[in-house]
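# Topology and contacts: notes
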Amino acid sequence: MTMQATPKEPFTAAELIALEDEYGAQNYHPLDVVISRGQGIWVWDVDGNKYMDCLSAYSAVNQGHCHPKIVDALIAQARKLTLTSRAFRNDQLGLFYKEVCALTNSHMVLPMNSGAEAVETVIKAVRKWGYANKGVPPNKAEIIVASNNFHGRTITIVGFSSEEQYQSGFGPFTPGFRMIPFGDPEALEAAFNENTVAVLFEPIQGEGGIIIPPAGYLPRMRQLCDEHRAVLVLDEIQTGLGRTGKFFAEEHEGIVADITLIGKALSGGVYPISAVLSNKEVLGVFKPGDHGSTYGGNPLACAVARVALRVLVEEGMVDNAARLGPYFMEQLRSIGSPHVKEVRGRGLMIGVELHPDAGGARRFCEALMKRGILCKETHEHIIRFAPPLVITKDEVDWALEQIGPVLSMA
Ligand SMILES: *Cc1c(COP(=O)(O)O)cnc(C)c1O
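Please read these numbers as outputs of a predicted model, since none were measured by experiment. Think of each chain on its own: its residues are numbered from 1, step by step along the sequence as written. Only residues with pLDDT of at least 70 are given local features in this predicted model, and only at 80 or more are side-chain atom pairs given and counted; all residues enter the totals for whole chains, interfaces and linings. Hydrogens are left out, water is left out, and the side-chain values use all remaining heavy atoms of the structure.

### With respect to empty space enclosed by the protein
Grid points spaced at 1 Å over the protein atoms alone were grouped into cavities, where a 1.4 Å probe fits but cannot get out, and pockets, open sets with protein on both sides within 12 Å along at least five of seven lines, with lining residues defined by an atom within 4 Å of a point. Grid points are joined across faces, edges and corners, and a volume is the space filled by probe spheres set on the points. The final tally for this structure, using the stated rule, is three cavities of 30 Å³ or more. Here the largest cavity is characterised by a volume of approximately 50 Å³. If you trace the largest cavity, you find it lined by Asn-148, Asn-149, Phe-150, Glu-163, Tyr-166, Glu-207, Gly-208 and His-379. Residue polarity follows a fixed list, in which Ala, Val, Leu, Ile, Met, Phe, Trp, Tyr, Cys and Pro are nonpolar, Asp, Glu, Lys and Arg are charged, and the others, Gly among them, are polar. Split by residue class, the lining of the largest cavity holds two nonpolar, four polar and two charged.

### Comments concerning the domain arrangement of the chain
Interface size is commonly expressed as the accessible area that is lost once the parts come together. The source of the domain bounds is an automatic or database domain assignment. Domain assignment breaks the chain into domain 1 (31-63 + 316-407) and domain 2 (69-314). Each of domain 1 and domain 2 was reduced to a C-alpha centroid, and the two centroids are 27 Å apart. Should any heavy atoms of two residues lie within 4.5 Å, those residues are considered in contact. Opposite the 28 residues of domain 1 that make contact, domain 2 presents 32 residues. Roughly 2400 Å² is buried in total at the junction of domain 1 and domain 2, and carbon and sulfur atoms are behind 57% of that figure. By buried area we mean how much accessible surface two parts lose on assembly, using a 1.4 Å probe and totalling the loss over both. Looking at the side of domain 1 facing domain 2, the largest losses of area belong to Gln-63, Arg-346 and Met-349, adding up to 31% of the total buried there. We define a salt bridge as a contact between a side-chain nitrogen of Lys or Arg and a carboxyl oxygen of Asp or Glu at a distance within 4 Å. Viewed at the interface, domain 2 and domain 1 are joined by two salt bridges. Arg-384 is the salt-bridge partner of Glu-207, the closest N and O atoms lying 2.8 Å from each other. We define a polar contact as two N or O atoms separated by no more than 3.5 Å, with the added condition that, inside protein, one atom must be a possible hydrogen donor and the other a possible acceptor, whereas residues neighbouring each other in sequence contribute only through side-chain atom pairs. The interface formed by domain 1 and domain 2 contains 17 residue pairs in polar contact (both at pLDDT 80 or more).

### Some points on the layout of surface pockets
Put simply, the largest pocket is a space of about 1300 Å³. Lining the largest pocket are 42 residues, and of these Tyr-28, Phe-150, Arg-153, Tyr-166 and Glu-207 lie nearest its centre. Put simply, DSSP marks the helices as runs of H or I at least four residues long and the strands as runs of E at least two long, and each gets a number from the N terminus on. If you list the elements that add at least two residues to the lining of the largest pocket, you get α2 (56-59), α5 (115-134), α6 (155-158), α7 (164-167) and β14 (376-378). Per-element tally for the lining of the largest pocket: the top contributor is β14, with three residues. Partitioning the lining of the largest pocket into residue classes produces 16 nonpolar, 16 polar and 10 charged. If you count residues domain by domain, the lining of the largest pocket takes at least three from each of domain 1 (31-63 + 316-407) and domain 2 (69-314). Estimated volume of the second largest pocket: approximately 780 Å³. Forming the walls of the second largest pocket are 25 residues, and the residues nearest its centre are Tyr-28, Pro-30, Leu-31, Val-33 and Leu-55. Only α1 (13-23) and α2 provide two or more residues apiece to the lining of the second largest pocket. Ranked by residues supplied to the lining of the second largest pocket, first place goes to α1 with three residues. For the lining of the second largest pocket, a count of residues per class yields 15 nonpolar, five polar and five charged.

### With respect to the sheet that holds strand β11 (residues 340-346)
Only strands that DSSP links by at least two bridges are regarded as paired with each other. Sheet architecture is open: four strands sit in the order β11-β12-β15-β14, paired in antiparallel fashion. On the outer flanks of this sheet lie β11 and β14, each paired with one strand and no other. Averaged over all pairs of adjacent strands, the angle between strand axes in this sheet comes to 30°, irrespective of strand direction. As paired strands, β14 and strand β15 (residues 382-385) are joined by three bridges and run antiparallel to one another. Counted as the bridge partner of Glu-377 is Ile-383 from β15. The axes are straight lines fitted to the C-alpha atoms, using for helices just the contacting stretch, and the angles between their N-to-C directions are given from 0 to 180°.

### Description of the sheet that holds strand β2 (residues 42-45)
With respect to topology, four strands assemble into an open sheet ordered β1-β2-β3-β13, the strand pairing being mixed. Pairing within the sheet leaves two strands with one partner each, and these edge strands are β1 (35-39) and β13 (373-374). Pairing of strand β3 (residues 50-53) with β13, which is carried by two bridges, proceeds in the parallel orientation. Counterpart to Asp-53 in the pairing with β13 is Leu-374.

### What to know about the state of the cysteines
Throughout, disulfides are identified as pairs of cysteine sulfur atoms within 2.5 Å of each other. In total, this model carries zero disulfides according to the counting rule given. Left without a disulfide partner, Cys-375 is nearest to the cysteine sulfur of Cys-365, which lies 4.1 Å away. Whether a residue is buried, partly exposed or exposed follows from its accessible area with a 1.4 Å probe, protein chains only, as a fraction of its type maximum: under 20%, in between, or over 50%, in that order. Overall, the relative accessible area of 3% leaves Cys-375 in the buried class.

### Quick word on the side chain of Arg-243
Mapped onto the elements, Arg-243 comes out in the loop between β8 (231-235) and β9 (259-262). Here the positive residues are Lys and Arg and the negative ones are Asp and Glu; neither His nor the chain ends is included. Among buried Asp, Glu, Lys and Arg side chains, Arg-243 stands out as unpaired, with Asp-53 the closest opposite charge at 8.2 Å. At 3.0 Å, the side chain of Arg-243 forms a polar contact with the side chain of Ser-59.

Have a look at this one:
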């Protein structure tokens, strides 16, 4: 009998990177750090180096990596029941609905898996609502969206992106979207017509570069939607669940959307789940068979999300973001780097915009990685700092000690 050579483990970082590059589609350009473990705000690479995670998986890990209570919920539920499909009911779904509605003052929920699916779901819902309730002629529904938006990567969604690369080579696209500049109230007012069924916006543009609209813009949007009987949909997949120092970013503007989309941190980074939160009028248009997803609303996702929501509140993570975000920003400004054009953000959603001649944000992210901080450039010239919301003031101070010299480098 011949023995098969056993594959040697552990693999080195270089070997693992080579495997990804050999077999994987190249649709990302990751930093070359191979992470094998995470706890709270910290992650470790395969060589045992420790890093502070200042991206939080694009704000999916607001509760910190491997939050013990969320992981316990995952394991316990995984041993009991994971998937029934919605052909049958399960004992977690109703409880998830009730708890998420109580926390967000919503009346109806539709659970999906990814953020993009929540966006696709709401597009279907507001279109059907418009035909049934507003008398929009068949196939004429329009949805107003912002330039520089990010709502995901499906064909319909990239079809209303203003980002050249997101669209290039992927057409033809879904019609029915009207794009206007973000933050311009006059353009918004002019975009409505009798076929407008909804406005779909991020309250703060995340992937677009942490762009905060001018004061009064979202309240004006609320008012125009009411006047024109259009549904106000806010995509809070990134801004929601405490990231900006409020449970939802809309609270900074004193408005309430008709529909709110959540995803990402809804499971604390443990399991994919997203949801459309709505009043009964809009989601009420769906009849059995109109929409669905095999994994949407599965008991594993629901059990995880219930605990992920609970720890956000119980452990004061939203308040922590409200407290430490302004401090972090103020200290970043006080570094006084000549490369920095602006530091902006809300809560722990922070963008540092560099001058065009700073040589791009990527080299700063690479230098930060060498000093134990992981973050990702967005839009060439912007460094985003979005650590898990469990970060402490001492840890922010440690981060600033690393960031200072990097921002000041030649
Ligand atoms: C990440 C994101 C999405 C898409 O979520 P996926 O889970 O990646 O599909 C949609 N909208 C916003 C604002 C996001 O940040």
